[in-house]
Amino acid sequence: MRIRFALLALTSIGALSACATETVPMCRAPQAHELAAFSAIISHNETAVADAMAPGRLQNAFISRDPMVRSHVWGSEGNTRGTVTGVLSQPPLCIFDDPGFVATEASRQILVYPQRAHDRVAPPVETPLADAPLPWGTYRGDYMTCRFEQTASGWKLADLCGYRMPGTGVTG
């Protein structure tokens, strides 16, 4: 009887652990605040981009038309490869909450893929997430990260999707 009970218990545990195996997540569409920031960037609407940004040094640099910030967002001399615009201008977008970033009530980070890039680099849906952790592909080629902060006026883009302020080593 004990052996039978032990086998039943092991079988149940095995079945539960199989159900608990987390698989590759499905992407989601951008949320309203994300879409507002992305639309402002794609439309090259500088006022809307500034309004979609969290207050701080990076917003000030953007407003003052810092050439490095503008190059990060829109590229230069018509080259948008690896820029924010280069990734965002390939809709539809595929969004994931960044598992490498500890989200809080005040700060969140997402991974943004053009759907075509995601489809090319993502593992099959049934793949255990432990075998294929996010992110997939090449940063600023297949995807980019965008950090949002909660402000008095809602969620705002804090880092212009990966921009690092010179000399600080930090985004935003």
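Below or above, wherever it landed, is the structure these notes cover.

### Digging into the packing of aromatic side chains
Link 1 in the chain: As enumerated under the stated definition, the model contains 7 aromatic pairs in all.
Link 2 in the chain: Look at Phe 96 and Tyr 113: their rings are 5.9 Å apart centre to centre, the planes differ by 85°, and that puts the pair in the edge-to-face class. Placement of the pair is Phe 96 in strand β1 (residues 93-97) and Tyr 113 in strand β2 (residues 107-114), with a sequence separation of 17 residues.
Link 3 in the chain: On the accessibility criterion, Phe 96 (4% relative accessible area) is buried.
Link 4 in the chain: Here Phe 96 and Trp 136 contribute two aromatic rings whose centre-to-centre distance is 5.5 Å and whose plane-to-plane angle is 85°, an arrangement assigned as edge-to-face. Note that Phe 96 is positioned in strand β1 and Trp 136 in the loop between α7 (115-121) and β3 (144-151), a separation of 40 residues in sequence. Just as Phe 96 is buried, Trp 136 falls in that class too.
Link 5 in the chain: In textbook terms, an aromatic cluster arises when at least three aromatic residues are bridged by ring pairs, as seen for Phe 96, Tyr 113, Trp 136, Tyr 139 and Tyr 143.

### Quick look at the pattern of salt bridges
Link 1 in the chain: Tallying each qualifying case throughout the model produces 6 salt bridges.
Link 2 in the chain: As a salt-bridge pair, Glu 46 and Arg 65 come within 3.0 Å of each other at their nearest N and O atoms. Separated by 19 residues along the polypeptide, Glu 46 in helix α3 (residues 46-52) and Arg 65 in the loop between α4 (57-63) and α5 (67-74) bring together distant segments of the chain.
Link 3 in the chain: The class for Arg 65 is partly exposed, based on a relative accessible area of 49%.
Link 4 in the chain: Between Arg 70 and Glu 46 there is a salt bridge whose closest N-O contact spans 3.1 Å. Here the residue Arg 70 occupies a position in helix α5, and Glu 46 occupies one in helix α3, the gap between them amounting to 24 residues.
Link 5 in the chain: Where salt bridges share partners, they join Arg 28, Glu 34 and Asp 97 into one cluster.

Rules used throughout
Residues numbered from 1 in each chain as written. Predicted model: local features only at pLDDT ≥ 70, side-chain atom pairs only at ≥ 80, totals over all residues. Heavy atoms only, no water. Phe/Tyr/Trp six-rings, centres within 6.5 Å; stacked < 30°, edge-to-face > 60°. Helix = DSSP H or I, 4+ residues; strand = E, 2+ residues; numbered from the N terminus. Buried < 20%, exposed > 50% of the residue type's maximum accessible area, 1.4 Å probe, protein only. Salt bridge = Lys/Arg side-chain N within 4 Å of Asp/Glu carboxyl O.

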